[in-house]
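# Chain and residue survey
In case you want the letters, here they are:
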Amino acid sequence: MPVGREVNDISHYVDVSQTPHVARERHRFDSSHEINDLIVEFPELPPGTTVRVQGEELIAEKGVAEIEFDTPGTYTISFQHFQHLDEEVEVTLE
């Protein structure tokens, strides 16, 4: 698979669904979210996204992640999916 200097493992992934394999650019997440009391919902994630917060990990199987917290505060939530750039989002619950 020929690639140029601007193609790397961080910015691209290999699409093996076709032959020959193709390097494709990773997308940015749609990390829009809604906060309702101590619950944060991310409704627009790609299915299969790994979501991490406070040492815990969940998989957004259907593209939706709902995270419930015990106390108000500021939390960092990270997202990872092979077709997307890794991303962190900080949310503040009051």
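Described below are features of the structure shown in this document. (Residues numbered from 1 in each chain as written. Predicted model: local features only at pLDDT ≥ 70, side-chain atom pairs only at ≥ 80, totals over all residues. Heavy atoms only, no water.)

### Description of the environment of Glu87
On the secondary structure map, Glu87 appears in strand E9 (residues 87-93). Taking C-alpha positions, Glu87 is 7.9 Å from Arg28, a pair spaced 59 residues apart along the chain. Excluding residues that lie within four positions of it along the chain, Glu87 makes contacts with Phe29, Ser31, Ile77, Ser78 and Phe79. (Helix = DSSP H or I, 4+ residues; strand = E, 2+ residues; numbered from the N terminus. Contact = heavy atoms within 4.5 Å.)

### Concerning the sheet that holds strand E3 (residues 34-36)
Judged by pairing direction, the sheet is antiparallel, and its 3 strands sit side by side in the order E3-E4-E7 without closing on themselves. A single partner strand is all that each edge strand has here, and the edge strands are E3 and strand E7 (65-68). Averaged over all pairs of adjacent strands, the angle between their axes in this sheet comes to 15 degrees, without regard to strand direction. Across 4 bridges, the pairing between strand E4 (residues 39-42) and E7 is antiparallel. Within E7, the position partnered with Val40 by the bridge is Ile67. (Pairing = 2+ DSSP bridges. Axes fitted to C-alpha atoms, helices over the stretch in contact; angles between N-to-C directions.)

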